[in-house]
Amino acid sequence: MSKESFSHVTTWVFDLDNTLYPPSVRLFDQIETRMTAYVMNALGVSRSDADHMRAHYWQQYGTTLAGLMREHDIDPDPYLIDVHDISFAELEPDHQLATNIRNLPGRCIVYTNGTAPYAEKVLEGRKLTGLFDAIYGIEHANYLPKPENAAFEIIFTKDGLHTQTAAMFEDDARNLRAPHEMGMQTVHVSPTEQAASHIHHHTSDLTDFLSRLY
């Protein structure tokens, strides 16, 4: 990684889950359990069928919700409130990460396929509150999920950011394809490196990566 690759960046876009906290926290395990239960109750299917649908819709549409909306006309708001009603007790403050984000030149925003209220609770648990100029959830993208190009276009237009001077940090590699096509620097934040033309940089440690940018 060369810090010069980011010398032009004035907007820093961060995904939330498994990006601003490590995957070992396993918050999404709780969310997936609640997703399965919601699908079971809403559609009257077995747990195994609900688990299959949850995973299949995530793979095909980008989020389970997108599949439920398109194929079953599920109302998104009750679903989003329910599945994000989890415990945040496992989150720990990362004061060095907070310092590194604070030191980045320009604006910092969060863009998640979760909701903005959920993101705020995660940031509170990590002691990252107040560091971001904006927080965008899937509700701000008209419930279109990453990796859809239209979702990014809606959010980036609302924010007014210039993609040619922006960077995107994301744990799901497929969600970096659209930002790359828009001219952003892309950083895959994951324990496992994935080689792809739309990924400029990889890190398994966001805190360390950011510390080397200034």
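Bear in mind that the values here come from a model prediction, so they are computed numbers and not experimental data.

**Examining the side chain of N175**
With respect to the element layout, N175 can be found in the loop between β4 (166-170) and α8 (177-181). Polar contacts involving the side chain of N175 include one to the side chain of E170, which spans 3.3 Å. Beyond its immediate chain neighbours, meaning those up to four positions away, N175 contacts N113, K146, P147, F152 and E170.

**A word on the side chain of T11**
Tracing the backbone shows T11 in strand β1 (residues 11-14). Ignoring anything within four residues of it in the chain, the contact list for T11 reads R107, L161, T165, A166 and A167.

**Topic: the nonpolar core**
One recurring pattern in soluble globular proteins: nonpolar side chains tend to sit buried together. W12, F14, L20, F132, F169 and L210 are the most contacted members of the largest nonpolar core, which has 50 residues in total. At five residues, helix α1 (residues 27-43) tops the list of elements feeding residues into this core. Residues in contact with F132, not counting those within four places in the same chain, are F14, L20, I101, C108, I109, V110 and L123. Ranked by size, the runner-up nonpolar core spans 19 residues in total, among them A134, F156, A178 and M182.

**Here's the deal with the packing of α1 against helix α4 (residues 76-83)**
Packing of α1 against α4 leaves a shortest axis separation of 9 Å and a crossing angle of 135 degrees. Taken together, the axes of α1 and α4 lie oblique to each other. Note that α1 runs across α4; the crossing there is right-handed. For the pair formed by α1 and α4, the contact residues are I31, R34, M35 and Y38 on the first element and P78, Y79, D82 and V83 on the second. When grouped by side-chain class, the residues that make up the contact of α1 with α4 number six nonpolar, no polar and two charged.

**Some points on the sheet that holds β4**
A sheet is described by the order of its strands in space; here six strands give the open sequence β3-β2-β1-β4-β5-β6, paired in parallel fashion. Strands with a single pairing partner mark the edges of an open sheet, and in this sheet they are β3 (134-136) and β6 (201-203). Pairwise comparison of adjacent strand axes, ignoring direction, gives a mean angle of 20 degrees for this sheet. Sheet topology places β1 next to β4; four bridges connect them, and they run parallel. Within β4, the position partnered with V13 by the bridge is M168.

**Quick word on helix α3 (residues 64-72)**
Those residues of α3 that fall on the buried side of the exposure criterion are T64, L65, A66, G67 and L68. At its buried positions, α3 is contacted by α1, α2 (47-61) and α4. Looking one or two residues past α3, D73 carries a phi angle of roughly 55 degrees, positive in sign.

**What to know about the packing of aromatic side chains**
Scanning all chains against the criterion turns up 12 aromatic pairs. When the centroid spacing of 6.0 Å and the interplanar angle of 15 degrees are considered together, the rings of F6 and W12 count as stacked. The class for W12 is buried, based on a relative accessible area of 2%. When the centroid spacing of 5.8 Å and the interplanar angle of 80 degrees are considered together, the rings of F6 and F209 count as edge-to-face. Linking F6 in the segment before β1 with F209 in helix α9 (residues 206-211), this pair joins segments that are 203 residues apart in sequence. F6 sits in the buried class, given a relative accessible area of 4%. Residue F209 is classed as buried on the basis of its relative accessible area, which comes to 1%. One aromatic cluster is present, formed by F6, W12, F14, F132, F169 and F209 through successive ring pairs. Residue placement shows R174 over the ring face of W58; its charged tip is 3.9 Å from the ring centre.

**Some remarks on the environment of G183**
Inspection of the secondary structure assignment puts G183 in the loop between α8 and β5 (185-189). A residue is classified by how much of its surface remains accessible, and G183, at 28% relative accessible area, is partly exposed. A sequence separation of 20 residues divides G183 from T163, and the C-alpha atoms of the two residues are 5.8 Å apart. Ignoring sequence-local partners within four residues, the contact set of G183 consists of T163 and Q164.

Rules of the game
- Residues numbered from 1 in each chain as written.
- Predicted model: local features only at pLDDT ≥ 70, side-chain atom pairs only at ≥ 80, totals over all residues.
- Heavy atoms only, no water.
- Helix = DSSP H or I, 4+ residues; strand = E, 2+ residues; numbered from the N terminus.
- Polar contact = N/O pair within 3.5 Å; in protein donor to acceptor, adjacent residues only side chain to side chain.
- Contact = heavy atoms within 4.5 Å.
- Core = buried A, V, L, I, M, F, W, Y, C linked by side-chain atoms within 4.5 Å.
- Buried < 20%, exposed > 50% of the residue type's maximum accessible area, 1.4 Å probe, protein only.
- Axes fitted to C-alpha atoms, helices over the stretch in contact; angles between N-to-C directions.
- Parallel < 35°, antiparallel > 145°, perpendicular 65-115°, else oblique.
- Left-handed = near helix turned anticlockwise from the far one by under 90°.
- Nonpolar A, V, L, I, M, F, W, Y, C, P; charged D, E, K, R; others polar.
- Pairing = 2+ DSSP bridges.
- Phe/Tyr/Trp six-rings, centres within 6.5 Å; stacked < 30°, edge-to-face > 60°.
- Lys NZ or Arg CZ within 6 Å of the ring centre and 35° of its normal.

Interpretation in functional terms is not warranted from these geometric data alone.
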